[in-house]
Amino acid sequence: MTLDATHDTALRSWVESANLADSDFPIQNLPYGRFRRASSNEAWRIGVAIGGHILDLNLAAEKGSWPQKIAALLAPLAEGRLNPLMGGPVADRQALREALSQALAEGSAQQSALQPCLLPMADAELSVPCEIGDYTDFYTGIHHATAVGKLFRPDNPLLPNYKWVPIGYHGRGSSIGVSGQSFPRPLGQTAGEAGKPPNFGPSQRLDYELELGFLVGQANALGERLSMDEAEDHLFGVTLLNDWSARDLQAWEYVPLGPFLAKNFATTVSPWVVTMEALAPFRSPFKRAEGDPQPLPYLDSKTNRERGGVDIELEVWLQTKKMRDAGQDAVRLSRSGTAGAAYWTPAQLLAHHTVNGCNLQPGDLLGSGTLSGPEPDQAGSLLELTQGGKQAITLPNGETRKFLEDGDTLILRGHCQREGARRIGFGDCAGTVLAAR
Ligand code: CA
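Procedures and definitions
- Residues numbered from 1 in each chain as written.
- Predicted model: local features only at pLDDT ≥ 70, side-chain atom pairs only at ≥ 80, totals over all residues.
- Heavy atoms only, no water.
- Helix = DSSP H or I, 4+ residues; strand = E, 2+ residues; numbered from the N terminus.
- Contact = heavy atoms within 4.5 Å.
- 1 Å grid on protein atoms, 1.4 Å probe; cavity = no way out; pocket = protein on both sides within 12 Å on 5 of 7 lines; lining within 4 Å.
- Points joined across faces, edges and corners; volume = space filled by probe spheres on them.
- Buried < 20%, exposed > 50% of the residue type's maximum accessible area, 1.4 Å probe, protein only.
- Donors = N, O, S within 2.8 Å, 3.2 Å for Na, K, Ca; no water.
- Nonpolar A, V, L, I, M, F, W, Y, C, P; charged D, E, K, R; others polar.

Describing the side chain of threonine 386
Structurally, threonine 386 is set in the loop between helix H12 (382–385) and strand S23 (393–394). Look past the residues within four positions of threonine 386 in its chain and what remains in contact with it is Gln391, Ile393, Arg401 and Lys402.

Spelled out as structure tokens, the structure:
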């Protein structure tokens, strides 16, 4: 969590596009992703986003000159495997970040060797950034939990456990895709009229959820729980995450065991993992609102209270098929962020997930839950924006939406910005709904 030379706001890259003020990927960011040349059959390789380019670590390992220790860290990355770095010691990640920062900085002696290792992002096809193992989705967005709870229980929106235990369920890794993913509208059962059998067919209430994805770094052994102080070191980085949700399927199936087929037909993540090192300037105190209970001791630590949170600003954008056909750009549906919205910090999610001895592994993915802001127009789902589908929203071209329609492309965006730090971003997390099959 410490700041070092890699966070210096004065640092500039010889990759010119990285120095643009609005670039998501300045030299202070250096997120990892997995890519190959578009329309090629070459093996996936790991790269680092820098401005509008990707530094190909397969080529960079070969053409750059690196100290032995850095060369050893680059070896699995050159083979397209991010998980070994994720599962390694924090000091290794920091050392590699420092080496890459120096190599990409203005005035680096490596510039001429590494110049041929750059690929314009537009020429790349991206994959999910690592081998994702198990996937758990939490429910840390207190404004979302309150707003959704109100739809069902106006007088008692939050259930009694919410402020004590991080709520979550086990999702499915196999249907996680990367930005650019498209998927057919899911079919399933929905509640019938009172006393009648359920209906079956394509979901009529398809929704998105604005979330973050926390990727696990170092593993913990089965039976060994992580303390709050250890948990932070077991986090590798953060992506944007869209937990696509079929609300009508969900309402019928969720009792009594929670979400199932309403959630596991597709989950989209952004291609670049922004590391915990890059997020160091944007950490924030964890505090409870007046009158709320303090966490149990196993979910509490001094470091967490001082800087367990991460301040990330988030946006949701929509481009309908009609807009796309007319050459119109996506429109913003809402803005929110983690500040004040996430009831638990990432370290608390890890400490809680492992408190029973459950083992987490490098590349496991933990969803934050929907991060809506406190105001109705800061909602991170259509369920909230349209009050359960009762009040349609109207788009600038006159189209209306209660839930997503076929051909809709939904885009999540996020960035971190703070006085005294260089703005960093996450890149797009986009996905498109296709007609049911
Ligand atoms: Ca969710």
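Let us keep going from here.
Quick word on empty space enclosed by the protein
Gaps left between atoms are located by rolling a probe of water-molecule size over the structure's atoms. Applying the stated criterion across every chain, the model contains two cavities of 30 Å³ or more. Of the volumes computed, that of the largest cavity is approximately 50 Å³. Contributing to the lining of the largest cavity are Leu30, Tyr32, Arg93, Arg97, Leu100, Thr275 and Glu277. In terms of residue count, helix H4 (residues 90–104) provides more of the lining of the largest cavity than any other element does, three residues in total.

Description of helix H2 (residues 68–78)
By the burial criterion, the buried members of H2 are Ile70, Leu73, Leu74, Pro76, Leu77 and Ala78. Glycine 80 sits one or two residues past H2 and shows a positive phi near 90°.

Section: the coordination of the calcium ion
Protein-derived ligands of the calcium ion are Asp137 (OD), Glu209 (OE), Glu211 (OE) and Asp243 (OD), with the metal-ligand distances lying across 2.2 to 2.3 Å. Each donor residue of the calcium ion belongs to the same chain, and together they define the spacing D-x71-E-x1-E-x31-D. With glutamate 211 in strand S13 (residues 210–216) and aspartate 243 in the loop between strand S14 (235–242) and strand S15 (245–246), this pair connects stretches of sequence that are 32 residues apart. Each of the two residues, glutamate 211 as well as aspartate 243, counts as buried.

A closer look at the layout of surface pockets
Here the largest pocket defines a volume of roughly 940 Å³. Every residue lining the largest pocket is counted, 38 residues in all, and those nearest its centre are Tyr139, Val148, Gln250, Tyr254 and Pro259. Taken together, the elements giving at least two residues each to the lining of the largest pocket come down to strand S6 (135–138), helix H6 (142–152), strand S7 (168–170) and helix H8 (247–253). Considering every element that reaches the lining of the largest pocket, the biggest residue donor is H6, with six residues. Along the lines of polarity and charge, the residues of the lining of the largest pocket split into 19 nonpolar, nine polar and ten charged. In this model, the second largest pocket occupies a volume close to 460 Å³. When residues of the lining of the second largest pocket are traced back to their parent elements, those giving at least two are H6, S13 and strand S19 (309–310).

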